Protein chains: 4
Amino acid sequence: MGPIAHESVPAGAGRAHIAARYAAVRDATEALAAPLSAEDQSVQSMPDCSPTKWHRAHTTWFFETFLLARFQPDYRAFHASYGYLFNSYYEAVGARHPRPERGLLSRPGVAEIARYRRHVDGAMAALIAGLGAADWREAAPLLELGLQHEQQHQELILMDIKHALSLNPLQPAYQAPPPPSPARAAPPLAWQAVAGGLRQIGHGGAGFAFDNETPRHKVWLEPYRLASRLVTCGDYLRFIEADGYRRPEFWLSEGWATVQQQGWSAPLYWAREASGWSVFTLAGRRPLDPAEPVAHVSFYEADAFARWAGRRLPGEAEWEVAAVEAGVALDGNLGDRGRFHPEPAPAGDGLRQMIGDVWEWTASPYTAYPGFRPAAGAVGEYNGKFMSNQMVLRGGAAVTPAGHLRATYRNFFPPAARWAFAGIRLAEDS
Amino acid sequence: MGPIAHESVPAGAGRAHIAARYAAVRDATEALAAPLSAEDQSVQSMPDCSPTKWHRAHTTWFFETFLLARFQPDYRAFHASYGYLFNSYYEAVGARHPRPERGLLSRPGVAEIARYRRHVDGAMAALIAGLGAADWREAAPLLELGLQHEQQHQELILMDIKHALSLNPLQPAYQAPPPPSPARAAPPLAWQAVAGGLRQIGHGGAGFAFDNETPRHKVWLEPYRLASRLVTCGDYLRFIEADGYRRPEFWLSEGWATVQQQGWSAPLYWAREASGWSVFTLAGRRPLDPAEPVAHVSFYEADAFARWAGRRLPGEAEWEVAAVEAGVALDGNLGDRGRFHPEPAPAGDGLRQMIGDVWEWTASPYTAYPGFRPAAGAVGEYNGKFMSNQMVLRGGAAVTPAGHLRATYRNFFPPAARWAFAGIRLAEDS
Amino acid sequence: MGPIAHESVPAGAGRAHIAARYAAVRDATEALAAPLSAEDQSVQSMPDCSPTKWHRAHTTWFFETFLLARFQPDYRAFHASYGYLFNSYYEAVGARHPRPERGLLSRPGVAEIARYRRHVDGAMAALIAGLGAADWREAAPLLELGLQHEQQHQELILMDIKHALSLNPLQPAYQAPPPPSPARAAPPLAWQAVAGGLRQIGHGGAGFAFDNETPRHKVWLEPYRLASRLVTCGDYLRFIEADGYRRPEFWLSEGWATVQQQGWSAPLYWAREASGWSVFTLAGRRPLDPAEPVAHVSFYEADAFARWAGRRLPGEAEWEVAAVEAGVALDGNLGDRGRFHPEPAPAGDGLRQMIGDVWEWTASPYTAYPGFRPAAGAVGEYNGKFMSNQMVLRGGAAVTPAGHLRATYRNFFPPAARWAFAGIRLAEDS
Amino acid sequence: MGPIAHESVPAGAGRAHIAARYAAVRDATEALAAPLSAEDQSVQSMPDCSPTKWHRAHTTWFFETFLLARFQPDYRAFHASYGYLFNSYYEAVGARHPRPERGLLSRPGVAEIARYRRHVDGAMAALIAGLGAADWREAAPLLELGLQHEQQHQELILMDIKHALSLNPLQPAYQAPPPPSPARAAPPLAWQAVAGGLRQIGHGGAGFAFDNETPRHKVWLEPYRLASRLVTCGDYLRFIEADGYRRPEFWLSEGWATVQQQGWSAPLYWAREASGWSVFTLAGRRPLDPAEPVAHVSFYEADAFARWAGRRLPGEAEWEVAAVEAGVALDGNLGDRGRFHPEPAPAGDGLRQMIGDVWEWTASPYTAYPGFRPAAGAVGEYNGKFMSNQMVLRGGAAVTPAGHLRATYRNFFPPAARWAFAGIRLAEDS
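Predicted model only: the values in this text are computed from it and were never measured.

What counts and what doesn't
- Residues numbered from 1 in each chain as written.
- Chains lettered and ligands numbered in written order.
- Predicted model: local features only at pLDDT ≥ 70, side-chain atom pairs only at ≥ 80, totals over all residues.
- Heavy atoms only, no water.
- Helix = DSSP H or I, 4+ residues; strand = E, 2+ residues; numbered from the N terminus.
- Rg over C-alpha atoms; globule rule 2.2 N^0.38 Å.
- Buried < 20%, exposed > 50% of the residue type's maximum accessible area, 1.4 Å probe, protein only.
- Contact = heavy atoms within 4.5 Å.
- Areas by Shrake-Rupley, 256 points an atom, 1.4 Å probe, with all protein chains shown as cover.
- Buried area = accessible area lost by both parts, 1.4 Å probe.
- Salt bridge = Lys/Arg side-chain N within 4 Å of Asp/Glu carboxyl O.
- Polar contact = N/O pair within 3.5 Å; in protein donor to acceptor, adjacent residues only side chain to side chain.
- Least-squares fit on C-alpha atoms with pLDDT ≥ 70 in both.
- Domains from an automatic or database assignment.
- Phe/Tyr/Trp six-rings, centres within 6.5 Å; stacked < 30°, edge-to-face > 60°.
- Lys NZ or Arg CZ within 6 Å of the ring centre and 35° of its normal.
- pLDDT = per-residue confidence, 0-100.
- Axes fitted to C-alpha atoms, helices over the stretch in contact; angles between N-to-C directions.
- Parallel < 35°, antiparallel > 145°, perpendicular 65-115°, else oblique.
- Left-handed = near helix turned anticlockwise from the far one by under 90°.

## Comments concerning the overall build of chain A
Stage number 1. From N to C terminus, chain A includes 9 helices and 12 strands.
Stage number 2. The globule rule puts the C-alpha radius of gyration for 430 residues at 22 Å, and the 22 Å found for chain A is close to it.
Stage number 3. Here chain A, with 430 residues, has 60% of them falling under the buried criterion.
Stage number 4. Within chain A, contacts between residues separated by at least 24 positions form 80% of all contacts whose residues are at least 6 apart in sequence.
Stage number 5. When the accessible surface of chain A is summed, it comes to about 15,200 Å², and 55% of that surface belongs to carbon and sulfur atoms.

## A short note on the arrangement of the chains
Stage number 1. Without any contact between them, chain A and chain C keep their closest C-alpha atoms 14 Å apart.
Stage number 2. Nothing in chain B touches chain D, and the closest approach of their C-alpha atoms is 14 Å.

## Quick look at the interface of chain C and chain B
Stage number 1. Listed as interface residues are 29 residues of chain C and, on the opposing side, 29 residues of chain B.
Stage number 2. Here chain C and chain B share an interface that buries about 2,200 Å² over both sides, 59% of which is from carbon and sulfur atoms.
Stage number 3. Taken as a group, Glu39, Leu104 and Arg107 of chain C account for 33% of the area that chain C buries against chain B, more than any other trio of residues on that side.
Stage number 4. For the interface between chain C and chain B, the tally reads 3 salt bridges.
Stage number 5. Asp40 of chain C is the partner of Arg107 of chain B in a salt bridge, and the nearest nitrogen-oxygen pair spans 2.9 Å.
Stage number 6. One can count 10 residue pairs in polar contact (both at pLDDT 80 or more) joining chain C with chain B.

## A closer look at the side chain of Glu343 of chain A
Residues and elements named next belong to chain A.
Stage number 1. Assignment of secondary structure puts Glu343 in the loop between helix H9 (316-326) and strand S8 (359-365).
Stage number 2. Here Arg339 takes part through its side chain, which lies 2.8 Å from a polar atom of the side chain of Glu343.
Stage number 3. Ignoring sequence-local partners within four residues, the contact set of Glu343 consists of Ser181, Pro182, Arg184, Glu292, Pro293, Leu334, Arg337 and Gln353.

## What to know about the interface of chain A and chain D
Stage number 1. In this complex, chain A contributes 29 residues to the contact, which on the side of chain D involves 29 residues.
Stage number 2. Carbon and sulfur atoms supply 59% of the area that chain A and chain D bury against each other, a total of about 2,200 Å² over both sides.
Stage number 3. Its largest share of buried area at the contact with chain D, chain A owes to Glu39, Leu104 and Arg107 of chain A, together 33% of the area lost on that side.
Stage number 4. If you look at where chain A meets chain D, you find 2 salt bridges.

## Quick word on the relation of the copies chain A and chain D
Stage number 1. Mapping chain A onto chain D leaves a residual RMSD of 0.0 Å; the transformation is a rotation of 180° accompanied by 0.0 Å of translation along its axis. Here the copies are linked by what is in effect a two-fold axis. In terms of proximity to the rotation axis, the leading residue of chain A is Glu39 of chain A, whose C-alpha is 2.6 Å off the axis.
Stage number 2. When you check the interface residues of chain A against chain D, 100% turn up at the interface there too, and the contact is symmetric in its surfaces.

## Remarks on the domain arrangement of chain A
Residue and element names in this part refer to chain A.
Stage number 1. Here chain A is partitioned into domain 1 (15-166) and domain 2 (191-429).
Stage number 2. A separation of 28 Å is found between the C-alpha centroids of domain 1 and domain 2.
Stage number 3. Across the contact, 28 residues belong to domain 1 and 29 residues belong to domain 2.
Stage number 4. Together domain 1 and domain 2 conceal approximately 2,500 Å² of surface at their shared face, both sides included; 68% is due to carbon and sulfur atoms.
Stage number 5. Counting the contacts that link domain 1 with domain 2 gives 0 salt bridges.

## A closer look at the relation of the copies chain C and chain B
Stage number 1. Least-squares fitting of chain C to chain B yields an RMSD of 0.0 Å, with the superposition described by an axial translation of 0.0 Å and a rotation of 180°.
Stage number 2. Taken as a fraction of all interface residues of chain C, those also at the interface in chain B reach 100%, which identifies the copy contact as same-surface.

## Notes on the packing of aromatic side chains
Stage number 1. Evaluated as defined, the whole model comprises 144 aromatic pairs over all chains.
Stage number 2. Judged by centre distance (5.5 Å) and plane angle (65°), the rings of Phe66 of chain A and Tyr90 of chain A are edge-to-face. Note that Phe66 of chain A is positioned in helix H2 (residues 52-71) and Tyr90 of chain A in the loop between helix H3 (82-86) and helix H4 (110-130), a separation of 24 residues in sequence.
Stage number 3. Owing to a relative accessible area of 10%, Phe66 of chain A belongs among the buried residues under this scheme.
Stage number 4. A ring pair is formed by Tyr236 of chain A and Trp270 of chain A, whose centres lie 6.0 Å apart and whose planes are at 75°; its orientation type is edge-to-face. Within this pair, whereas Tyr236 of chain A is found in helix H6 (residues 233-241), its partner Trp270 of chain A is found in strand S5 (residues 270-273), the two being separated by 34 residues in sequence.
Stage number 5. Classification of Tyr236 of chain A as buried rests on a relative accessible area of 0%.
Stage number 6. A relative accessible area of 10% means that Trp270 of chain A is categorised as buried.
Stage number 7. The rings of Tyr22, Trp61, Phe62, Phe63, Phe66, Tyr89, Tyr90, Tyr366, Phe386 and Phe412 of chain A are connected pair by pair, giving a single aromatic cluster.
Stage number 8. When the ring centre of Trp136 of chain B is taken as reference, the NZ or CZ atom of Arg15 of chain B above it lies at 4.2 Å.

## A few points about the confidence of the model for chain A
Residues and elements named next belong to chain A.
Stage number 1. Considering every residue of chain A, the mean pLDDT works out to 93; 97% of them sit at 70 or more.
Stage number 2. With pLDDT under 50 throughout, residues 1-9 is counted as low confidence; its partners more than four residues away or in other chains account for 48 contacts.
Stage number 3. Interface confidence in the predicted complex, given as ipTM, is 0.94; pTM for the same model is 0.95.

## Focus: the environment of Pro365 of chain D
Stage number 1. Within the fold, Pro365 of chain D resides in strand S8 (residues 359-365).
Stage number 2. You can call Pro365 of chain D buried: its relative accessible area is 18%.
Stage number 3. Along the sequence, Pro365 of chain D and Pro98 of chain D sit 267 residues apart, while their C-alpha atoms lie 27 Å from each other.
Stage number 4. Ignoring anything within four residues of it in the chain, the contact list for Pro365 of chain D reads Pro365 and Thr367 of chain C together with Gln390, Met391 and Val392 of chain D.

## A short note on the packing of helix H1 (residues 15-33) of chain A against H4 of chain A
All names here are of chain A.
Stage number 1. Close contact between H1 and H4 brings their axes to 9 Å; oriented N to C, the two are set at 165°. The angle between H1 and H4 places the two elements in the roughly antiparallel class. Helix-helix and strand crossings are classified by hand; for H1 and H4 the assignment is right-handed. Here H1 contributes Arg15, Ile18, Ala19, Tyr22, Arg26, Thr29 and Glu30 to the contact with H4, which in turn contributes Arg117, Val120, Asp121, Met124, Leu127, Ile128, Ala129 and Gly130.

What follows is the structure in structure tokens.
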């Protein structure tokens, strides 16, 4: 997952406003880490995941490297080795510590990383307040990029710790169970028709967007219909009970091979116990609610489910056009209410659950939009270089930070990945 | 690589005509295998490759399974186990021998497989001559599919044996060196402009096409330019000499990881010797000709080369629209002249080398066209189930059989594959 | 498996006698290969196995490298690359083709290898006839070593092709079924007591021995008893039926891990079918005879069986002392009668089946005898460098060539190896 | 590494004495863990290593499982899952958490594990004080075994954390540098002659020993000489400079393969920097002292060094007979002085450095002594089941706890292991 500042912070935004936003985003990271012990923050459960404390340090390194080292001439790096330890994948910035070994770094410890954050935050406050106007024009978009980047890592903190805790036989919880969600059945599935024709997608207006959302461009769409709500756990159980995981005719060839190799027979975090199906959540393991959206499925499973259901996944352009046309709200993430798990769809008309519960797999491989140009410099490595063997997801999840979503947002993961909060919305030709 | 009969053989084609075509295609396979010893025909150099004798048997199994077993009530299978041994990947047809173990099958030997082919060819001749009209309407498209399928395997026979022979320290040749190609320098690179707008691609007319070429559908294209000729070995050498394989900024992230893991520093089959660069061909190893098109590169290398050159790869729609607009000839494969290696581009105007020298990597992931429906039955597994983690190639290679190509043809390979005869054509925005 | 000439050929042996012996051993190799097709001779079923034609060439290379190149000044190597292709593991002789890729060498073909053998055989005949007396004293022991080496590879040819054919779903046979062995039940197990004390083992007299059998040296043994016959398939079935493969208490830790990883539940080549247990032999698959010795078990299985039976495996010194004391015959291999599979023990008194049916796993890791010195030169790599992580086997198998065995012979394999003809004899403390 | 109580605690030892010994051993573990942060205690750097906190819990589980659960009828397990989490390899006790995933257990945290230890220590104090005499006779040997077991894990705590810290680019230290060791050159190498003949080895007297040290038994030895001191870093540097790591003639075949695969060119923890060789120690990285014993070599390296030096490694019987004959002191470990790194040999006569600096690789595979019987019950899994593919080491290291060593002690590791504090003493035939 990665971004580049396409549009800077609002032109009219004063420095004080930005300083406050900086502090708020940085504090939100610390608040997410707060329930976790030093040991929790150090564990790396697989190469794709990183320890919490690494996320805390890496987001800090971003500001140190791309803002302070460049715009603050007398800035002294907090530690000579942190550039090596906390660079994620920026080849242009230099060598870096191997990703699969992040969990081996018992030091620096969480206390030292807290000091690192405070050091950089102090320097950033001074930079925001004092930078000359000319430099500021260059720095401000990078600062906004750093904040958007940190928000992405806030989601990763929750995704990654969920995976780590799930592997612990004690099944420990990240958070106390939130108040129960409204007990309701899933509303019946309806189909939202969208007209085809020559449409436009991509980011083209004001406000921040990552480079991969640009340029805005024309696409031709045939008429189609989108499901009014997400596929539920109950829907998905019927696929399992219909031997979905044992019938190759529903699967892409690589998906079927993955099912065999990994021994998949249900979504990640599901377990079949004597008393019925359960699911591991950030509040611990609990009985499966059939009305909830299914989450933690791979693209292969989403695609197989859709074939079994006689439907298909939407293309990313179909998703975006429908979302814009429907004017879906871009806020109201469940996480805003401390609920890091999707809820049953509300009753009502039209498209629901488009934002803020689970990311939605699309049928679209992640590629460059026509005319795409990566940003200049090292931050140009943010998005473009991942454009192979990944699929686009749209929407946003319960663990995505508030204010981080857009209808044009393109998330992406390899088709076999399951630790993201990813689910399924069906589509069909009109 | 795989197909499905979309359109049957020409409606007017008489049975005698079809019987002759059947015999010609089948004989061509045997002619390709003829220079190879029993041992040559049995070797499997990697899981992606198959022994020659397996190709000979598998293509035969296709006719036995999809034609004879279905339409010839009294047909007796040649051998009870061949259905297991020579099924490639058709899950619906039953269990099959594991692909990576095809090279372990010393039996049946080549003589036995020749008998198998004759047995099936005899039964097929009877079927073609004697099938009732109603059955024939169903059988004829499957027969045509079987022939197209066999042609695909003719190409694979050459690709696979080239790989196997290349690993032998003796560097043995498949064929005697053909007469030298016309000694000529590569013509200068020119750019062919193509207008954008709402265009159509895909197969929509008469004649055979695989299911993945359908349906014909609208796409929106911005104006673009296509290189008039393929990237040459000389062009590619400049990329190598510019440290292209050591500079991450040109590479997709997975491409760069592959370069490190595999230790790539040049295309497959190239070797740097004291006397200069050499290349392994089906006629043995010989000095590299800088005027020839570069071949046996992966998508990652093609993409990195294009970035280094300040250009990009064409989308598959861009390739097809340009080819159709230019009216490129669909015959004249180099292999028709017994030359299984690409030649320097001829002088002249317009798009050259579009067909019959090397497949051309496009920027397009291999996905379903809007409205795509796989064929019914087991042959529906032919193409659709491979639509993940593969890139589309267009054109056709020196080893592709004559008469097997179309402007709408979609070949596909994983982005790291290098044993296909695949090269590079550049594109740029207008 | 490997050797070094410790003692030369009999001092009194005339050149004609030696020429005849050379021809006989070389012809025996060709006779073993004769039933195999070109494809059979080229297949390599796992890295530990080699193609038949490779064995034929490698044994030839041994004479070319260690005899002809050294003692025949005008000898011209048959092919410049064969030194690279057919060196097995002699680091001192130079680089070599990677062992796991022997199956990729479709060329040289079997006909070429037959020519290679004739070329070397002609030169060897000239060398034997014409070498001066001083050179002959040096050459004769190497020649004998070459013949012993070739005999070892005769056994490997049968072991390796059995493994390859067993993986073919057609279950093809190397040979037609021999006449049935005498139908008899296994005689009851008796125990042969052997006195302990200060004994001697190792080769110390005249005649050929490999370097690893020397020097003859003293060992202290406590009194012990050896089983009068091998463990039978029937005995072993009781271990299986007692859940032997599912009870960790019988297994070494690494053995248990191997059982889990490999999914072992019976000896190699056994299969449980609806009609009962069957076993794959060089004459094809046939019903298991419970009276036969169990074969194709690993050391781990032999050791676990012994624990389950409340006994133990003998040490190699115990085996040798008992064999010498009992004066077991060193000939009469079953293979001499064209029977490449062990038979039920004959009735009678004393130790039976010590030689010529299956190798017997001992409890002894393969290490150097006190005072061991490897031979000088490249042939010094024959045995000593394999002295880690292997276990000693004693006796000799139905596939071991006649005249190749001694009571002091030390065979060795890694403890997890199962493709050798290896079985079990129990021991216990007196 | 593992043990079984062969001899119980001294018959005359009073309960108070034992309670004090229990407390002292348990406290020593906590003292070793004290310098480590919560994160340090949680990291697992490779499957063979375990986190510090796991060692603290596992040793506690041993007392809980083998003492409290058996002899204290009303004992309540501290936590229902700890039997699963902290069983190391006792199959008879039940399922267990996979070893390679110990580093994924962020919970229980270090504070919880401290509570676990206190809980068990309290119950053990009550058991020691109150157990009836009959039970005590059974319990006392198990208690002593538990303490010896805990001492083994004290050494593992230091070995494992050294490995983990060494992988951290910050190269953090476990302890502050101790006062410098006496600056002295290594004394010249002398040879201690030992008479051969019929000797005895193994534990046979009073006092504790592990089961693998028994029974005491006769061995025949030829006369030999042992080096008076360990091989130094300076000695080993000469091997490196003589291209020892690039010359296959010194290496066992598996050793050579390991050198190639792992890219070894020096002992573990050595680094060649611009300023010369350095070595990582528990007090951080510092320049290599050529007078110190070489440590952290594999058996393969020890064996190759010995061949290069024209000598050999001693057999374990040779080591033990010489140590007993010389009456080497069994105390004085460097670790007693807070020095977890070997020092140069003192001047003087006779065998030096036999105990307390580095374990010494022997030429002996780890096998059962004649007449060996594992202990009854689950503790019988302690030693016997590891008797394959391991080599015996003798002596004891700077990190071995005081009072834990005996001349009959048999340590063992796989021949490629390097993270133990293991070095080299040469031997030769007289």
